[in-house]
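Geometric and topological summary
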Amino acid sequence: MKKLRFKEISFLSYSSRKARRISLDSDIVIIKGDTDTGKSCISKSLFSALGTSIKSIPETWKNDNIVVLLKFTIDDINFTALHIGKDYYIFNPDGTQRTLTDSLSKQGKAISSLLDIHLPKIVINGIKQTFYSDYLFMPFYIDQDDGWAQPWTSFSRCGSSTLRANTLLLHTGVVSDEYFSFKVQLDNAIKSLDKINIDLAANKRLFESMKKRLVKFKLSLNENDFNEEIANFIKKISELKIAQKNKLAELKELYNKKSYLTFCIEQLHNNIKEIGKDFNYAMTQEDIITCPMCGSKVANDFLGRLEMSDDIVKCKDLIIQNQSELKDINLKIENAEYSNKEIRDKLIEISQLMQIKKDESSLDDYLNSKLEKYFDSIMGEEKVRLEKEKVRYQQEIEKLKAKVNDEGKKERKKMIENDFGNLVFKYTTKMKVRLNSEKKISLSTNISVTGTKVPRTIVAYTYAFIDIMCKYGGPVLCPIVVDEMRQRGLRDKDEETMFSFLLENKPKDAQLIVATSSDLQLNAENIKVVELHNPNKLLIVDDFQSISNEIDDLLYNNFSLRI
């Protein structure tokens, strides 16, 4: 079982020139503060930096282009995740770039790969479903806004009940990720066999029907039909050329916008370099600077140098904004180019069909003489090919069924779910919640309690599940992040009971991070308390320069985002 642990998270806003560095290097971290002090922003950012999709993120947080820098370890090996603009980075222990993507899903896939978990897409009811990293991390996070109604609901891309159930089986060691690979292969093989059976039946029907008709069939041309088809071809070509003209005009406008944004970004980089040179020159001069070009003299004071530094920060913020807009333009260009190619291909296809139609009269006699022999040959060959494919897929399906059934381990699942149910009853009892003992509790069961019992039951489910993971050898143990327990009118006494339960029953080797607005008793060792005092002021001026320098160092002292 691999162990993931958060070490530090930093936030930075170039537009406000503020940042915040928060150490998480402790077995238990309590993030304490009143409403709007930023507790949830911290909690939500932890797993989102690793490629998950949080349901509710404050609009002000999104609009400020907040840069998130997360330091974490996997089995005590240091890694860094960086979210800046629309780009997601992962850096190796030595600071070298490991991955870079502008896709949240690909960032999650990169993290899954670091954890040595490889989950393929699977087909459910004929639709391909993706194992997003949300499924991987869902047992470890309870979100303030969306996590206190039912277990495993804090992330936005965990909507498939089938994928949730399969992921829970993976986490508890009932199946391995190899099981899902076999399952995908089996589904594909069954789908291919079904198609072959359909093709064989169609082949048989077509062969029998055509043999009866070929005796009477002769190719012939009708002049009116011929002229009508040619006119339709010409009309379609005219419509496509108009569509092509409009699409090319759209592409021209998009490429002009791209050129402008690219120029702006390059100019901003040049501005940063030139301002940096001026700043370094000013640092070596006296109180008065003489311009080497015109000889004019200007004051060289602290305020002037501060303005230079401020201009560099403004340039960086503009780069992020322009880079985000450029990515949107590039996506529009890609879509427009694809549409233009489709139009061009249709024009070529219709032109070729029209030419064939014009030449068709010369082919009439030739086709009539050759058609029957060719049909007999091709239909027979196709039948032989399909029969061979059918046998091959039948053999493959039998082998894959054996592997899937072996990996499924029904008895193991039954034993694990029984242990899980017992733990849920045990933990809810500790927190003074009485459940219906006659109702079976499985890994994917929704809770049926109401009111103040809900948050305590969700905590019991979370801890029971993680205990089962540790006992039966799940693939990964992640930090448990609990965002604001005071839900559904929970009384002070019940909140104290739940908080004490979290501390006293924390799984061994697990990291616990709790965000709370309550003044709770901290009766445990190795607790780090992060206190937030000012509403809407999570970021501070003092941390800005050091975090900005650290991000610049990670990007090799070059702020050029990927174009």
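Residues numbered from 1 in each chain as written. Predicted model: local features only at pLDDT ≥ 70, side-chain atom pairs only at ≥ 80, totals over all residues. Heavy atoms only, no water.

As for the overall build of the protein chain
For clarity, the cut-off: Helix and strand assignments follow DSSP, with helices taken as H or I runs no shorter than four residues and strands as E runs no shorter than two, numbered in order from the N terminus. We call two residues contacting when some pair of their heavy atoms lies within 4.5 Å. Areas reported here follow the Shrake-Rupley algorithm with a probe of radius 1.4 Å; residue values treat only the protein chains shown as occluding.
Within the protein chain, the regular secondary structure consists of 12 helices and 16 strands. Sequence-distant contacts in the protein chain: of pairs separated by 6 or more residues, those separated by 24 or more amount to 75%. Accessible surface, the protein chain as shown: approximately 30700 Å² in total, 49% of it carbon and sulfur.

Description of the environment of T99
Take T99: it is sitting in strand β7 (residues 97-101). Expressed as a C-alpha distance, the spacing of T99 and Y89, which sit 10 residues apart in the sequence, is 5.6 Å.

Side note on the pairing of strand β6 (residues 87-91)
For a regular strand, side chains alternate in direction, first toward one face of the sheet and then toward the other. Convention followed: Whether a residue is buried, partly exposed or exposed follows from its accessible area with a 1.4 Å probe, protein chains only, as a fraction of its type maximum: under 20%, in between, or over 50%, in that order. Strands are treated as partners if at least two bridges between them are detected by DSSP.
Within β6, 5 of the 5 residues are buried, leaving the element largely enclosed by the surrounding structure. Here β6 shows a buried face lined by D87, Y89 and F91 and a second buried face lined by Y88 and I90. In this structure, the hairpin formed by strand β5 (residues 77-84) and β6 is closed by a connection of 2 residues, where G85 is found at a positive phi of approximately 65°. Examined bridge by bridge, β6 and β7 share 4 bridges and lie antiparallel to one another. For F91, the partnering residue across the bridge sits in β7 and is Q97.

Things to note about a nonpolar patch on the surface
Threshold: Candidate patch residues must exceed 30% relative accessible area and have no salt bridge, after which like charges are joined if within 9 Å and Val, Leu, Ile, Met, Phe, Trp or Tyr side chains if within 5 Å. Each reported salt bridge corresponds to a side-chain nitrogen of Lys or Arg within 4 Å of a carboxyl oxygen of Asp or Glu.
On the surface, F302, L303 and L306 cluster together into a nonpolar patch covering about 340 Å² of accessible area. Within the element layout of this structure, L306 appears in helix α8 (residues 302-408).

Let's talk about the sheet that holds strand β14 (residues 480-483)
Operational definition: To define axes, lines are fitted to C-alpha atoms, for helices over the stretch in contact only, and angles between the resulting N-to-C directions are given on a 0 to 180 degree scale.
The strand order across the open sheet formed by 5 strands is β10-β14-β15-β3-β16, and the pairing between neighbours is parallel. The sheet terminates laterally at β10 (141-142) and β16 (527-532), the two strands that pair on one side only. As defined by bridge partners, β14 adjoins strand β15 (residues 512-516) across 4 bridges and the pair is classed as parallel. The partner of V481 across the bridge, within β15, is I513. Against the sheet, helix α1 (residues 39-48) engages β3 (28-33), β10, β14, β15 and β16, with an angle of about 150° to β14. Along the sheet, helix α11 (residues 492-504) contacts β3, β14 and β15; its crossing angle with β15, the most-contacted strand, is approximately 160°.

A closer look at the packing of helix α10 (residues 453-472) against α11
Going by this rule: Comment on the angle field: the value is read as roughly parallel under 35 degrees, roughly antiparallel over 145, roughly perpendicular from 65 to 115, and oblique elsewhere. Think of it as three bins: nonpolar holds Ala, Val, Leu, Ile, Met, Phe, Trp, Tyr, Cys and Pro, charged holds Asp, Glu, Lys and Arg, and polar takes everything else, Gly as well.
Where α10 meets α11, the closest approach of the two axes is 10 Å, and the angle between their N-to-C directions is 5°. When the axis of α10 is compared with that of α11, the two are roughly parallel. Contact residues: α10 offers P455, R456, V459 and Y463, while α11 offers D494, M498, F501 and L502. For the contact of α10 with α11, the per-class residue count stands at 6 nonpolar, no polar and 2 charged.

So, the confidence of the model for the protein chain
Put simply, the rule reads: Each residue carries a pLDDT score, the predictor's own confidence in it, on a scale running from 0 to 100.
Looking at the protein chain, the pLDDT average stands at 82 and 85% of residues meet or exceed 70. The low-confidence segment residues 557-563 (pLDDT under 50) makes 24 contacts with residues lying over four places distant or belonging to another chain.

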